[in-house]
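Each chain, letter by letter, is given below.
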Amino acid sequence: MAAILHENCSGQYHHTQVNQPREISCTLLLIMLGKVFLDFFMLQVKQKNVRVSFMGYFCVSLAVLDFTFLMSLCFIFYFEDFALWGVRFTKYHICLFTQIISLTYGVLHYPVYLVAGLDYYMTIVQTSQFPKRGQRLLYVFAVVVIWMSGFFCILKLPAVYEELEIQNRFSPYQCPLYASAQSYSVSCAMLLLIGTALMACRKEVTTMLLSVRMVSFASQPVLMFSSVSNNNGTCFKWQLLTRLLICFLGTWAPFVLFQIIILFLGAQIPAYMEMNVPWLYFINSFLIAVTYWCRCHNVELTDEMWSTDPFVSWKFCFMPFNNENTEPADKPGTVIVIC
């Protein structure tokens, strides 16, 4: 694990050691305040009429946990030195709790993405937008188990506890935090897959982007791409991959570029910041696209089926189309409207 040392708020190093813990706490509080605001902002602006999923429940739980953690830090920061239920809390617990949260968040990437991927793979063919009560309870149970397993794994490992104790003993005026190796590997794998897909479909993507037009469909502005349909199974999967790439990058291209910059610069983001709601929804869209492509022959193209992503519209409408600049052809073309 790569340690990241947080210094004081102002970036100056000539302050006395007595003030340094308070300045470190100030930095952590400001960062968590910004993160909590971003979490609830994403939950507020997302589409509401989407099918519930495990990732949706986990995002809500993460926002609630971040808010609870922020309130705890504010309480300790304000009172500084107090006893609660026989336990004495001081300003150094702000760093300790942040380290525990960072380590816990850092080990949850793989299990969360695995469960979310399996959830979409098994439920993407469902035509009902409202799952049964048992399925909702299963999502809640899975979220609780993952959080409890993560905290249990961190708090019960002797090596982790000893490492935190040694660092707090020899670095009492710094707060070493950790970047998640799981998040780094997931970012690399996603960028590799997206780049490979773009290279494989570069001609189709270029052709569709050059033909894009903004039109009005069902009283709503939509993007229209000209394309020729093909009933061959292999060709259909490649055409679907092109359309999924355009939909995904049309929404998350800035986020993909941001990930490229972070990896290129070798920046290490603390795990308590890296696990956030925008990042989870970015992963969520990627998992949905992969599932659509893998199960394209088992998916029934209905309006409810496409209502699975709070941010990306995966819905395609196919309409007859004749090019106004050419003579009528024997075989009409096709227009793909992303609604």
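Residues numbered from 1 in each chain as written. Predicted model: local features only at pLDDT ≥ 70, side-chain atom pairs only at ≥ 80, totals over all residues. Heavy atoms only, no water.

Per an unreviewed UniProt entry, the protein chain carries the name Putative G-protein coupled receptor 160 and comes from Chlamydotis macqueenii.

Student: I tried to follow the overall build of the protein chain on my own but got confused; where do I start?
Tutor: When you go through the protein chain residue by residue, the secondary structure sums to twelve helices and eight strands. Expressed as a percentage of the 339 residues in the protein chain, the buried residues total 44%. A separation of at least 24 residues holds for 77% of the contacts in the protein chain among residues at least 6 apart in sequence. Just so you have it, the protein chain exposes about 18700 Å², and 66% of that area is on carbon and sulfur atoms. (Helix = DSSP H or I, 4+ residues; strand = E, 2+ residues; numbered from the N terminus. Buried < 20%, exposed > 50% of the residue type's maximum accessible area, 1.4 Å probe, protein only. Contact = heavy atoms within 4.5 Å. Areas by Shrake-Rupley, 256 points an atom, 1.4 Å probe, with all protein chains shown as cover.)

Student: Just to check I follow, could you spell out the side chain of asparagine 276 for this structure?
Tutor: Positionally, asparagine 276 belongs in the loop between α10 (271–274) and α11 (277–294). Separated by 3.1 Å, the side chain of asparagine 276 and the backbone oxygen of glutamate 274 make a polar contact. If sequence neighbours within four positions are ignored, asparagine 276 has contacts with Lys35, Asp39 and Leu62. (Polar contact = N/O pair within 3.5 Å; in protein donor to acceptor, adjacent residues only side chain to side chain.)

Student: Please explain the side chain of glutamine 259 as it appears in this structure.
Tutor: For glutamine 259, the location among the structural elements is in helix α9 (residues 233–265). Residue class for glutamine 259 comes out buried when judged on its relative accessible area of 8%. Not counting residues within four places of it along the chain, the set of residues in contact with glutamine 259 comprises Ser187, Leu191 and Trp279.

Student: How do you make sense of the packing of aromatic side chains when you look at a structure like this?
Tutor: Aromatic ring pairs are reported here in terms of the distance separating the ring centres and the angle at which the planes meet. For the structure shown, the criterion picks out 17 aromatic pairs. Aromatic rings pair up to connect Phe248, Trp252, Phe255, Phe258, Trp279, Tyr281, Phe282, Phe286 and Phe311 into one cluster. (Phe/Tyr/Trp six-rings, centres within 6.5 Å; stacked < 30°, edge-to-face > 60°.)

Student: Is there a simple way to think about the UniProt feature "transmembrane region" (unreviewed entry) in the protein chain in this case?
Tutor: Those places that UniProt annotates as "transmembrane region" (unreviewed entry) correspond, in this numbering, to residues 55–79, 91–116, 137–161, 181–201, 240–265 and 277–293. When the span residues 181–201 is considered, its composition is 95% helix and 0% strand, and the gap between its end C-alpha atoms is 30 Å. In residues 240–265, helix accounts for 100% and strand for 0%; the two terminal C-alpha atoms are 33 Å from one another. (UniProt positions renumbered as here; feature names shortened; annotations may be inferred.)

Student: Any chance you could explain helix α7 (residues 181–200) here in plain terms?
Tutor: Count 3.6 residues to each turn of an α-helix, and residues three or four apart come out pointing the same way. Taking 1.5 Å of rise per residue, 20 residues should cover 28 Å, and α7 covers 29 Å from first to last C-alpha, within 8% of that figure. What α7 keeps buried is the set Gln182, Ser183, Val186, Ser187, Met190, Leu191, Ile194 and Ala197. All buried residues of α7 project into a common sector of 160° when viewed along the axis, lining one side. Exposed residues pointing more than 90 degrees away from the buried face of α7 are listed as Ala181, Tyr184, Leu192 and Met199. Where α7 begins, the capping side chain belongs to serine 180, and its oxygen is found 3.3 Å from the backbone nitrogen of glutamine 182. (Expected span 1.5 Å × (residues − 1). Arc of directions from axis to C-beta.)

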